[in-house]
Structures are given as C-alpha cells and as structure tokens.
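Observations on chain architecture
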Amino acid sequence: MPEMVGDWRRLWGISAYRLLIAAVIAVLLHLPASETIIDLGGHARLLRVLALVAATVSLGYLLALLLRRPVQPRRHAWIQVSTDTLLVLLLLHFGGGVSGPFSILPFLLLVSTASLLRGKSAFVFVWILLALLVGEPLLGGMATVHPPLGQLFIYVLALVAVAVLADSLVISLERGNRLALQRDAEVVNLNALNREIVQHMDVGVFVLDRQNRVILSNPIARTLSGYRLWTSAPIDLDLVQPRLATAVQQPAQGDSEMMITLGGRDPTLQDSAQTLLVRNIALPRSPYRLLLFRDASALRAREREAQLAALGRLAANIAHEIRNPLSVIRHAGNLLGERVETPDSRHLFEILERETVRINAIVESVLEMARPSPAHSEPIPLANWLPVLIAELQADPLLASMTIVIWEISAQLRVYADPAQLRQVFWNLLHNSAQYGVAEDATVRVEIETVRADKETVMVTLRDFGSGLQPEVMERIFEPFFTTNSQGTGLGLSMVRELLRINGGHIDCENHPQGGVLFRIFLPCWCLEGEE
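Parameters at a glance
- The residue numbers shown here count from 1 along each chain, following its written sequence.
- Only residues with pLDDT of at least 70 get local features here, since the model is predicted, and only at 80 or more are side-chain atom pairs given and counted; chain-wide, interface and lining totals rely on the full set of residues.
- As a rule here, side-chain values come from all non-hydrogen atoms in the structure, and water together with hydrogens is ignored.
- Between Lys or Arg on one side and Asp or Glu on the other, a salt bridge is scored when a side-chain nitrogen of the former is within 4 Å of a carboxyl oxygen of the latter.
- Secondary structure is summarised from DSSP: a helix means a run of H or I of at least four residues, a strand means a run of E of at least two, and numbering begins at the N terminus for each.
- For each residue, the accessible area found with a 1.4 Å probe, counting protein chains only, is set against the maximum for its type, and the residue is called buried under 20%, exposed over 50%, and partly exposed in between.
- Any two residues whose heavy atoms approach within 4.5 Å are treated as being in contact.
- Here a polar contact is taken to be a pair of N or O atoms separated by no more than 3.5 Å, where protein atoms must pair a possible hydrogen donor with a possible acceptor and residues adjacent in sequence count only if both atoms sit in side chains.
- By this definition, two strands are paired if DSSP reports at least two bridges between them.
- On a scale of 0 to 100, pLDDT captures the predictor's confidence in every residue.
- Remark: nonpolar core denotes a set of buried residues (Ala, Val, Leu, Ile, Met, Phe, Trp, Tyr, Cys) joined through side-chain atoms within 4.5 Å.

What the rule picks out here adds up to seven salt bridges. Among the salt bridges present, the one from R520 reaches D508, with a minimum N-O distance of 3.7 Å. Of the two residues, R520 sits in strand β13 (residues 517-524) while D508 sits in strand β12 (residues 506-511), which places them 12 residues apart along the sequence. Note on R520: relative accessible area 21%, which makes it partly exposed.

Laid out in structure tokens, this is it:
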C-alpha cells in the first residue's frame, strides 16, 4: 500500500511538472517577440499549436489524476510516457531538431521515464527515442540544416548517460525511501512496544516533559496518583498531584528518591491518603524525565511477607533449640526452689521462674505468628459475648485497673469469626493500651463501640486516651518485631492483624483528634435471612 501511494504521488508530481514546462513553452511561443527569443523557422504557427496542445493535454491529465483515482498506476505511467514521447518528437521535428531550442526536452523525457517506469521498461523507451532521434536526420527529416555526425553522436551519448544516471538515481531514491519507510515502521513498532511495556509494568510510571506535564502514564500510576480526570492530552503535574509536583521541582543531582504522602481536600483525589515511594530519573540528552513510584504500604506488605517467611524458618529452630532446654531449666529451678528456705534465695528463684515464663510466652508468640492455626468461625452475638469477654480479660492483673467502657451494642449485631482467635485479638489490643495508652493522670481508659460499617461488615473501635503515636511509629505499628518498648517483642499487633486476616477481617489505626489512639477492627457480618 505505501508503494502504490508513492506511485500515485510520482504521477501527480510529473504531471504537474509537465504542465509547467508546456505552459512556459506556450507562453514563449505566443509572445509578440517570440521569434527573437526562439528560432521558430518556418513552423511558427504549427509550433504554437503543438505547445497549446501539450499544455492542454498536461492540464487535462493532471485534472484526471486529481479528480479520480485510477485503479492501475502502472498503466497510467505508460500512457504518460507514450504521450510525452510523441509530443517531444513533434516539437523536435518542427523546432529545428537536436540543434533547435527544444533539444533539451529529450533529457527531461528520459528523467521522467526513469522515474515512472524504472529499470528495463524505462530503457525500452530510451532506445526507441534514440532510434528516432538518430534515424530521422539520416533519413532527411526534423531540420533543414542537419547537425554534423559528431554533434549527433555526442548528443546521443549524453542521452544514454542521462538515462543511466537517472535510472540509478531513481533506484537509489527508491531504496532510500524503502529504508526510511522500514525505519519509520520499526520506530512506530518500537514505540508501540515501549508503550505496552510501560502499560503492563508493576511500577507506576509518569513521563514528564520540560514543562512538567505528564505526556505518558500507565494504569498503576494513574491509580496511585488519585487523579480522576485523565485525558489523552498532556496534563500539568500540578493538576494531577500538587504534592508530587512540589516534590519533584526541588533541585537534585542525578536520580533521587523520596517518600510523599498523598491526600488532603482536593476533590480530584481519592479519599484515602497513601504514601508513595517516588524515584525521579533524569534522562541524559533528552527533554523528558521519568517518575517511578510504588505504594509504600504495598512495599511494606511484601517486606512483612518476607519477614513472616523468615519467621517461619526461625520458629522451627526455636521449637527444637529453645523450648526443650527452657522447660528443663524451668523444671530444674522449681526443684532447687523447694530446697531453699531463705527469703533472699527464694526471691531469686521467683525471678528465674518469672523470666522463664516470659521467654516461653515469647516463643509461643513467635510460633503462633509463624504457623497460625486456621479459623473455626461461627456467629458471635457481640452484645452478649463482648461484655463477658472483657470481664474475663480484666482478671489479668495488668488489665484489672483499666477502665473499659462498652457502648451499647445492638442485640441483632453478630460477627462471623473464631471466638478463640477474636479473644486473642482483644487481649493483645487491651494489653497494648495498658502499656501505651496511659493518660496524663496515670489512668488507663478504653472505650469500645460497635456499629455496622456496611451491609457485610461490622466495625469495632477501641479508643484509648493516651498521648497518641508519632507518624513514623504509626507507619510501622503492625510490623513484626517493631516495638518502642525495650521489654516488648513487637509481635502483639502484628499477630492481631494476622488473626483478623485469617478471619476475613482487617484493622487500621490512627490518632484520635481529641487525643489517644483509635483502632478500627473490621469483621464479616453474620446476617440472618431478611436482615439488612
């Protein structure tokens, strides 16, 4: 198809050039002083008519090409060459032959023939034209004064040379055009491939120009940016995400990496705030640059999975290398304690007992985190179950002094979960509040509220009235082994999240506007038939 389009363009171009030459000749022949410009001999009137005919034929053929597209461009090329040959021979015949003013026309004819027919087909017309040019003077035609044989011989050689050069030039141009078209197709295919790669990358990608406009993006980038009004036209990064635009405008040497928290009151952004890890890459000798970004929470989730995998391997070693010696130490301590009667020595054995129990609890927590048991879920009526659970948990000395307020719960509100695992969730959360939720007056107060989050989910909130959490602590609070307490294991809240995940729920945390920390637990709702 591109080659056929090129043939038609060549036909139109040569037709327009022919029309220009014919029009110039016609004007020159019809000027009042034409005989002083061109030696017309005794055929002035006939030459004027031939020039007009050539101009008319050229104009008509050009209009025919422009008005409708013929089916076979090759056939039209033969028609054009044949017509041009006939007109050139007539002009030479009545215009003084190879010594006359129209002796240049055969050279132009050879160039157009090489362009239209190319190769052997073009040389057929070359030899026909040469035969006519050589034969007619010898037979006594074309001109009154015949040119010398030497001049005719040189003229013929020049025609052959022009024919060969024109054919070579046309072949070189066509080869160059084919290579250019091939390169263009390769570039288009490469661009399409690059776009496909970008669209399917698991990393968000923005391509920015010098005006800081997004000219290319992939679905992950559009989702993470939170912008909703995407179009195919370039968009200012300020409109897409103002905080991102402000961050990347900061001067940096080479590539840079930064953490950016999105959110705010911008109506074009999604409601939930998120933290992105953004990498700004400058492209050398290019007007563009790349922004690569990932959801930091997703990265932390993968890190957490890697930690849990490592924890699983560690747990197997702990089970064999620590638990058994620990139980032996504890048993030996108990036996020694029975033989000691002095209070000071007995106090030391009490410390030994307490610390071995603590170590054993840590081991049990690690094993529970690494190999959690599956959930045995059942409907749990929170209005009855939760107050009984809180009363049982407050038998723990650490929770006994805590004030726990349970706001009224609807009698129809039930969750679908494993009671034992849900008990462990509340135990860990309350112990966390007992350690970190102490108010300024040294009291600990926790409020529990339960509501329907939506048709399929129940939300249980636990709020303490402590000093709250720092942002850097809030981001890592559910990571295994992360703790700000030198005596803690950092496994309590990570175990809470894992247990809720097993039961089809999840948890989030934030500082309460009026002080303290707010935990939100989301659990599947158990609805009887007909309940909303």
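Structure shown, so let's carry the discussion forward.
Right, let's get into the environment of V460. In this fold, V460 is placed in strand β11 (residues 457-464). As for V460 and I448, which are separated by 12 residues in sequence, their C-alpha atoms are 7.0 Å apart. Dropping the residues within four chain positions of it, V460 is found in contact with L382, F426, I448, E449, T450, F519, R520 and I521.

On the secondary structure map, A298 appears in helix α11 (residues 296-339). Placed 23 residues apart in sequence, A298 and T275 show a C-alpha to C-alpha distance of 9.7 Å.

Time to look at the side chain of E447. Locating E447 in the fold gives a position in strand β10 (residues 445-454). A polar contact of 3.0 Å, which involves the side chain of E447, links it to the side chain of R445. Not counting residues up to four positions away in its chain, the partners in contact with E447 are V405, W407, T461, L462, R463 and F465.

This part is about the pairing of strand β1 (residues 204-208). The buried fraction of β1 is high, at five of five residues. Side chains G204, F206 and L208 of β1 all project onto a buried face; the interleaved residues V205 and V207 project onto the opposite face, where all are buried too. Note that β1 and strand β6 (residues 289-295) share five bridges and pair antiparallel. Paired with V205 across the bridge in β6 is L292. Both β1 and strand β2 (residues 213-217) contribute to a ladder of three bridges, which runs antiparallel. Of the residues in β2, the one forming a bridge with V207 is L216. Counting the residues that bridge the hairpin from β1 to β2 gives four residues, and of these N212 lies at a positive phi of roughly 60°.

This paragraph deals with the confidence of the model for the protein chain. When pLDDT is averaged across the protein chain, the result is 76; 74% of the residues are at 70 or more. This stretch, residues 264-272, has a pLDDT under 50; its non-local contacts, to residues over four places away or in other chains, come to 19 contacts.

Attention now moves to the sheet that holds strand β3 (residues 235-236). Spatially, the six strands line up as an open sheet ordered β3-β2-β1-β6-β5-β4, and their pairing is antiparallel. Taken across any chain shown, the strands that pair with only one partner, and hence form the sheet edges, are β3 and β4 (256-262). Strand direction decides the pairing type here: strand β5 (residues 274-282) and β6, joined by seven bridges, are antiparallel. The partner of V278 across the bridge, within β6, is F293.

Of the two faces of β4, the one holding S256, M258, I260 and L262 is buried and the one holding E257, M259 and T261 is not buried anywhere. Bridging between β4 and β5 involves seven bridges; their strand directions are antiparallel. Counted as the bridge partner of I260 is L276 from β5.

Next up on the list: the nonpolar core. With 43 residues, the main nonpolar core has L429, L430, L462, F519 and I521 as its most contacted residues. The biggest single contributor to this core is helix α15 (residues 419-436), with six residues. Setting aside residues up to four positions removed in sequence, F519 forms contacts with L429, N432, V460, T461, L462, I477, F478, L493, I507, D508 and C509. Within the second largest apolar cluster, 20 residues are counted, among which are F206, L244, V248 and L291.

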